[in-house]
Amino acid sequence: MAHMAILHEIDKCMKCRGCQVACQRVQGLDRVPAYDGVPKVAWDDPMVVKAQAVNDAPPYVRYSCWHCEGAPCASACPLGAMAIDAATGAVYVDKNQCDPNNTLCMRQCRTYCRRGGYPKIREQNECATDESPLAFKCNLCYNRPEGPACVATCPAGALTYGDRDTVLANAKLKYSNIVGDGHVYWASKKPFTAPASDPFIEDHISPMLGKVSNGTTGKILAIPTVLFGGLYALYRRRLDVGTESEKA
């Protein structure tokens, strides 16, 4: 099996989201990130780039499938719908085998994922009338002759794709912090948080912290706002996770 890999050089990333738009188009989602009060990240994006600091400040980190070695999602799927491409090592969804409506499917791929809940699965009411719900995720563009669309689109040169050993060897010459264990890696000269948790915090809590820190009134209200707002947000998240588990 070949061992290809994507490296995200975090220090170069400016969060233009060109990679995200390219991914959406390759996946057939046909939309672009929105701003000015509209959610920046859709729940069903296969990969996104997010800030890990308040006020939407760097480091900016790619969140997507890690394409783990010995992927637990692949071994857990009773339908054999999670496949591994022999030419690249990419973990992808075999749409001919995937059937979340099958009684054997209990969302094992999502449950056994160690990296933040990929793959994702649409519910029936979120599909077009002529579609069936399927698992979906980053597939490393394993069947795209040009390679990953995200890499080709990045204007900052923050994404590199190539032989895994070569990519890692070059990264070790420049970076002290390297994270990854499959076919996607992250590197930086500064500390950063590995994208392995639920990105809800980055999407909601961090922006809220940034907003309440601006202005005198905001600073006065910062502590109670963060305390009660944060606790309520996490409470709602627990309810949502419980609901998702019951559906699964």
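Residues numbered from 1 in each chain as written. Predicted model: local features only at pLDDT ≥ 70, side-chain atom pairs only at ≥ 80, totals over all residues. Heavy atoms only, no water.

Draft legend 1. Geometry of the overall build of the protein chain. Within the protein chain, the secondary structure is distributed over seven helices and ten strands. Burial status across the protein chain gives 44% buried among its 248 residues. Within the protein chain, contacts between residues at least 6 apart in sequence are counted, and of these 62% link residues at least 24 apart. (Helix = DSSP H or I, 4+ residues; strand = E, 2+ residues; numbered from the N terminus. Buried < 20%, exposed > 50% of the residue type's maximum accessible area, 1.4 Å probe, protein only. Contact = heavy atoms within 4.5 Å.)

Draft legend 2. Examining the packing of aromatic side chains more closely. By the definition in use, this model includes two aromatic pairs. With centroids separated by 4.9 Å and ring planes inclined at 50 degrees, the aromatic side chains of Trp 66 and Trp 186 adopt a geometry described as tilted. One end of the pair, Trp 66, is in the loop between β3 (60-63) and α2 (72-76); the other, Trp 186, is in strand β10 (residues 184-188), and 120 residues separate them in sequence. Taking 4.1 Å as the distance between ring centres and 20 degrees as the angle between the ring planes, the aromatic pair formed by Tyr 92 and Tyr 142 counts as stacked. Separated by 50 residues along the polypeptide, Tyr 92 in strand β5 (residues 91-93) and Tyr 142 in the loop between β7 (135-136) and α4 (149-153) bring together distant segments of the chain. On the basis of relative accessibility, which here comes to 17%, the residue Tyr 92 falls in the buried class. We note Lys 50 situated over the ring of Tyr 63; from NZ or CZ to the ring centre the distance is 4.7 Å. (Phe/Tyr/Trp six-rings, centres within 6.5 Å; stacked < 30°, edge-to-face > 60°. Lys NZ or Arg CZ within 6 Å of the ring centre and 35° of its normal.)

Draft legend 3. Highlighting the environment of Gln 97. Within the secondary structure, Gln 97 sits in the loop between β5 and α3 (108-112). Between the C-alpha atoms of Gln 97 and Ala 83, which are 14 residues apart in sequence, the distance is 9.6 Å.

Draft legend 4. Spotlight on the sheet that holds strand β9 (residues 177-179). Read across the sheet, four strands follow the order β8-β1-β10-β9 without closing on themselves; strand pairing throughout is mixed. Every interior strand has two partners, whereas the edge strands, β8 (159-163) and β9, have only one. Put simply, the sheet's adjacent strands are angled 25 degrees from each other on average, direction ignored. In the packing of helix α5 (residues 164-174) onto the sheet, the strands contacted are β1 (4-9), β8, β9 and β10, and the crossing angle to β8 comes to about 130 degrees. (Pairing = 2+ DSSP bridges. Axes fitted to C-alpha atoms, helices over the stretch in contact; angles between N-to-C directions.)

Draft legend 5. Summary view of the pattern of salt bridges. Under the criterion given, the structure shown has four salt bridges. Note that Glu 9 and Lys 12 form a salt bridge whose closest N and O atoms lie 3.3 Å from each other. We classify Glu 9 as buried; its relative accessible area is 3%. Measuring nitrogen to oxygen at the nearest pair gives 3.1 Å for the salt bridge that ties Glu 9 to Lys 174. Highlighted residues: Glu 9 in strand β1 and Lys 174 in helix α5, separated in sequence by 165 residues. With relative accessibility at 41%, the residue Lys 174 sits in the partly exposed group. Salt bridges linked by common partners bring Glu 9, Lys 12 and Lys 174 together as one network. (Salt bridge = Lys/Arg side-chain N within 4 Å of Asp/Glu carboxyl O.)

Draft legend 6. Local environment of the confidence of the model for the protein chain. Per-residue confidence for the protein chain averages 79 on the pLDDT scale, and 67% of its residues sit at or above 70. Every residue in residues 244-248 scores below 50 in pLDDT, and together they form six contacts with partners more than four places removed in sequence or on other chains. (pLDDT = per-residue confidence, 0-100.)

Draft legend 7. View of the pairing of strand β2 (residues 48-51). Along β2, one buried face is formed by Val 48 and Lys 50 and the opposite face, lined by Val 49 and Ala 51, is buried too. Sheet topology note: the β2/β3 ladder contains four bridges and is antiparallel. Bridge assignment links Val 49 to a residue of β3, and that residue is Arg 62.

Draft legend 8. Molecular detail of the nonpolar core. Met 82, Leu 159 and Trp 186 are the most contacted members of the largest nonpolar core, which has 42 residues in total. Apart from residues no more than four positions distant in its own chain, Leu 159 is found in contact with Ile 6, Leu 7, His 8, Cys 19, Arg 62, Cys 150, Val 151 and Cys 154. By size, the runner-up hydrophobic cluster in this structure holds eight residues, among which are Leu 7, Leu 168, Ala 171 and Ala 187. (Core = buried A, V, L, I, M, F, W, Y, C linked by side-chain atoms within 4.5 Å.)

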